[in-house]
Amino acid sequence: MFARNNFARVALVVLAAVCIPCIAQCSEHGEGVSAAATVVFSIGQFPITDSVIMSWAISLLIILAVKFSLRGEAQIIPPRGQAMIESLVGGLRDIVEPVVGRKAFGIVFPCLLGYFFFILLQNLGGLLPGVGSIGIYSGGEFKPFFRPANADLNATLALAVVAFFAWAYYCLRCAGVRGMYFEIFGNKADKSEISSFVYGALFFVFLGVGLIECISILCRIISLSFRLFGNTFGGENLLHNMYGFSSLLKNIPVVNYLSYLIPLPFYFLEFLVAIIQSFVFTLLLSVYIGLVCNHGDHEKEILKKEEYGYNS
Amino acid sequence: MAISNVLMFGMVDFSGLLDKFGIDWHLLLIQSLNFVLVAFLLYRFGFRSVARVMDERREKIELGLKYADDMKREKAAFESSRAQRAESARREAEGIVKSAKDGAKAILEQGKMELQQQSAGMILNAEKEIARRRKKILGDAKAEIGTLVVEVAKSVLASQMTDRDRNNYAAMAEKMLP
Amino acid sequence: MGIIAEITGNVRDIAIGVVQAIGCATAAIGVTFVGTRAVDAVGRNPGASGKILVQSILGMALAEAIAFYALFFSK
């Protein structure tokens with residue numbers, strides 16, 4: 001047992017020692033994925049990139065998968081596919097419900113589910129073999145047909161913009177214009193504790209805070225989109241570089257059999273990243289909604305905590 | 001977080017970024033429409049019924065658990081009442097047997113008593129009768145013997161005796177007789 | 001991406017490389033803090049692991065964003 005462990009350790013260290021310079025070399029040779037998606041063809045004025053093709057393909061797959069796993073209407077005694085979907089839906093519900101608040105949960109949950117499943121399956125789809133490697137050479141440049149949808153900033157920015165509008169819609173529906181105004185610009189000081197002059201002066205302070213808050217809210221679009229893009233794009237780069245590294249080994253007689261194994265651990269890493277990032281996107285969106293909508297549940301939440309003995 | 005975001009907003013050259021990452025509003029439109037469509041279809045044909053069924057099932061399970069609880073409670077109540085009834089019935093039966101025994105004993109006693117009284121009465125009556133008859137016989141015999149003595153004495157002393165003497169003799173005879 | 005390749009150029013490229021390196025390092029430190037504290041908290045109170053997971057993933061995501069700002073906006 002120990003011997004094997006030690007062997008694994010030594011192997012990892014050697015692998016890392018060989019890998020790091022080679023990754024550098026691969027990236028010097030321009031083996032990385034281009035930052036922008038490549039246009040494969042265009043319909044009228046609309047350029048269709050490899051990322052869009054992937055996005056459509058995976059969307060079709062998602063819809064077909066859900067349709068076939070449900071086999072029409074859902075049933076009380078769940079078939080296997082339905083049980084799987086239910087466990088995902090139930091798990092997400094348990095996590096999201098206390099964050100969003102009981103009041104907003106009913107109308108927000110479908111949107112959150114859509115985000116979770118869409119991003120999750122797009123990310124996982126990016127790990128399929130052939131993504132980024134099937135394509136044509138034209139003009140001395142390799143043009144892949146498929147690229148993970150979220151490895152294109154257009155897709156993640158679109159997701160983030162839709163999320164922003166969804167956020168605004170849900171917040172207006174739950175808290176109303178007045179509630180949202182109070183949440184952003186409103187004077188949160190307690191009138192009974194301070195003099196009216198200070199209260200009036202604080203109005204301007206909170207107005208300034210509200211302006212900063214507005215920019216911060218707009219920044220959420222950028223932060224959401226770049227987080228998802230960075231993770232997926234970085235992962236895609238990592239996999240490509242590992243693949244390029246393994247192709248460097250192909251000329252060495254014995255080691256070349258090992259070369260196929262080199263990208264493998266990173267696929268596990270990317271699998272994890274795909275799940276976590278879809279979860280993070282959904283959770284952040286629900287936190288943003290909960291910041292505005294979730295006020296009434298606080299006392300209940302505390303009571304619940306005491307009831308479950310969280311503090312023990 | 002907010003401050004760092006605002007700082008970032010001021011410092012970044014966005015137009016260069018847009019070119020670098022190939023941002024195109026056509027693509028943005030395509031991707032956002034795609035997402036909205038997929039999310040809507042997923043909800044409309046997938047998750048809505050799943051969520052409804054999950055709620056339904058939870059309700060059913062809750063109902064079932066409640067029913068089972070009720071049944072358990074009912075069963076316990078039934079068990080306890082049955083035990084109570086059995087106990088009370090046993091006690092009642094014991095009471096009945098005891099009272100029957102008591103009754104029988106009382107009847108026996110009474111019968112004995114009555115019998116004794118009856119026999120005592122009969123004995124008493126018999127004694128009384130005997131005494132009465134003896135007295136009567138004695139009286140009769142006395143009277144007859146007296147008369148007989150008087151008759152004999154009269155026939156003996158018929159001529160010499162006065163009426164006063166006769167009566168004296170009769171009285172004497174009566175005194176002498178036991 | 002070619003992060004390492006950029007260090008071979010002029011001063012501006014070196015500066016960009018340094019910014020990216022520092023940004024990623026600080027993000028890594030932030031994620032480490034969050035992870036350490038989350039593990040501590042779960043060790044103390046295993047019953048609350050679900051809530052801690054949510055909080056820690058949020059914190060990690062926010063810290064991680066710094067790395068992407070540094071990587072993408074530094075050019």
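Just so we're clear, the structure is a prediction, and the values are computed from it rather than from any experiment.

Rules used throughout
Residues numbered from 1 in each chain as written. Chains lettered and ligands numbered in written order. Predicted model: local features only at pLDDT ≥ 70, side-chain atom pairs only at ≥ 80, totals over all residues. Heavy atoms only, no water. Helix = DSSP H or I, 4+ residues; strand = E, 2+ residues; numbered from the N terminus. Buried < 20%, exposed > 50% of the residue type's maximum accessible area, 1.4 Å probe, protein only. Contact = heavy atoms within 4.5 Å. Areas by Shrake-Rupley, 256 points an atom, 1.4 Å probe, with all protein chains shown as cover. Buried area = accessible area lost by both parts, 1.4 Å probe. Salt bridge = Lys/Arg side-chain N within 4 Å of Asp/Glu carboxyl O. Core = buried A, V, L, I, M, F, W, Y, C linked by side-chain atoms within 4.5 Å. Expected span 1.5 Å × (residues − 1). Bend = angle between axes of the 7 residues up to and from the residue. Patch = residues over 30% accessible without salt bridge, like charges linked within 9 Å, V, L, I, M, F, W, Y side chains within 5 Å. Pairing = 2+ DSSP bridges. pLDDT = per-residue confidence, 0-100. Disulfide = S-S within 2.5 Å.

Draft legend 1. Fine view of the overall build of chain B. Within chain B one finds four helices and zero strands. Starting at the N terminus and ending at the C terminus, chain B contains elements arranged as α-α-α-α. The proportion of buried residues among the 178 residues of chain B is 15%.

Draft legend 2. Region of interest: the overall build of chain C. Secondary structure summary: chain C contains two helices and zero strands in total. Within chain C, buried positions represent 36% of all 75 residues. Sequence separation of 24 or more characterises 68% of the internal contacts of chain C that already satisfy a separation of 6 or more. In the form shown here, chain C has an accessible surface area of approximately 4100 Å², with 72% of it arising from carbon and sulfur atoms.

Draft legend 3. Representation of the interface of chain B and chain A. Contacts between chain B and chain A engage 41 residues on the former and 48 residues on the latter. A combined buried area of about 4000 Å² lies between chain B and chain A, and 77% of that area is made up of carbon and sulfur atoms. The largest share of the area that chain B buries against chain A comes from Phe21(B), Phe35(B) and Phe47(B), three residues that together contribute 17% of it. Inspection of the region where chain B meets chain A yields two salt bridges.

Draft legend 4. Up close: the nonpolar core. Among the nonpolar cores identified, the biggest contains 68 residues, and Val89(A), Tyr115(A), Leu159(A), Trp167(A), Phe281(A), Leu285(A) and Ile289(A) are the most heavily contacted of them. For this core, the elements supplying multiple residues, two or more each, are helix H2 (50-70), helix H3 (80-100), helix H4 (102-125), helix H5 (153-184), helix H6 (196-248) and helix H7 (264-293) of chain A, helix H3 (25-157) of chain B together with helix H2 (49-73) of chain C. Considering each element in turn, this core owes the most residues, 14 residues, to H5(A). Beyond its immediate sequence surroundings of up to four residues, Phe281(A) is in contact with Tyr115(A), Ile119(A), Leu159(A), Ala160(A), Ala163(A), Leu224(A) and Leu228(A). Ile222(A), Phe226(A), Leu71(C) and Phe73(C) belong to the second-largest nonpolar core, a separate cluster that totals 16 residues.

Draft legend 5. View of the environment of Phe45(B). Considering the arrangement of structural elements, one finds Phe45(B) in helix H3. For the pair formed by Phe45(B) and Lys105(B), sequence separation is 60 residues and the distance between their alpha carbons is 89 Å.

Draft legend 6. Structural detail: H5(A). Between the first and last C-alpha of H5(A) there are merely 29 Å, a value that for 32 residues lags more than 12% behind the 46 Å anticipated at 1.5 Å per step. Helix geometry: H5(A) is bent most strongly at Ala175(A), by close to 100 degrees.

Draft legend 7. Broad picture of a nonpolar patch on the surface. On the surface, Ile252(A), Val254(A), Val255(A), Leu258(A), Leu261(A), Leu264(A) and Phe268(A) cluster together into a nonpolar patch covering about 680 Å² of accessible area. Among the structural elements, Val254(A) can be located in the loop between H6 and H7.

Draft legend 8. Representation of the pattern of salt bridges. Within the structure shown, the criterion is met by 13 salt bridges over all chains. Here Glu79(B) makes a salt bridge to Arg82(B), at a shortest N to O gap of 3.8 Å. Of this pair, Glu79(B) and Arg82(B) are both found in helix H3, three residues apart, which corresponds to roughly one turn of the helix. In this structure Arg82(B) comes out as partly exposed when scored by relative accessible area, which is 47%. Across the pair Asp40(C) and Arg37(C) runs a salt bridge, and its minimum N-O distance is 3.3 Å. In this pair, Asp40(C) and Arg37(C) both sit in helix H1 (residues 11-44), three residues apart, roughly one turn of the helix. A relative accessible area of 36% places Asp40(C) in the partly exposed class. Using a relative accessible area of 59% as the deciding quantity, one classes Arg37(C) as exposed.

Draft legend 9. Spotlight on the side chain of Gln277(A). Structurally, Gln277(A) is set in helix H7. Its relative accessible area of 6% is what places Gln277(A) among the buried residues. Each residue touching Gln277(A), except ones within four places of it in the same chain, is listed here: Asn123(A), Arg227(A), Leu228(A), Asn231(A) and Glu64(C).

Draft legend 10. Structural detail: the pairing of strand S4 (residues 141-144) of chain A. Pairing geometry for strand S3 (residues 135-138) of chain A and S4(A), over four bridges, is antiparallel. Each residue of the ladder has a partner; that of Tyr137(A), found in S4(A), is Phe142(A).

Draft legend 11. Main features of the confidence of the model for chain B. Per-chain confidence: chain B averages 84 in pLDDT, with 89% of residues scoring 70 or above. Here helix H1 (residues 2-11) of chain B stands out as the element of chain B with the lowest mean pLDDT, 58, in contrast to H3(B), whose mean of 88 is the highest.

Draft legend 12. Quick peek at the state of the cysteines. Throughout the structure, instances matching the rule amount to zero disulfides over all chains. In this structure Cys111(A) is a free cysteine whose sulfur lies 11 Å from that of Cys171(A), the closest cysteine sulfur available.

Draft legend 13. Representation of the pairing of strand S2 (residues 46-49) of chain A within the structure. All names here are of chain A. Sheet topology places strand S1 (residues 39-43) next to S2; four bridges connect them, and they run antiparallel. From the neighbouring strand, isoleucine 43 faces S2, where its bridge partner is phenylalanine 46. Remark: two residues form the turn of the hairpin made by S1 and S2, two consecutive strands paired antiparallel; glycine 44 in that turn has positive phi of roughly 60 degrees.

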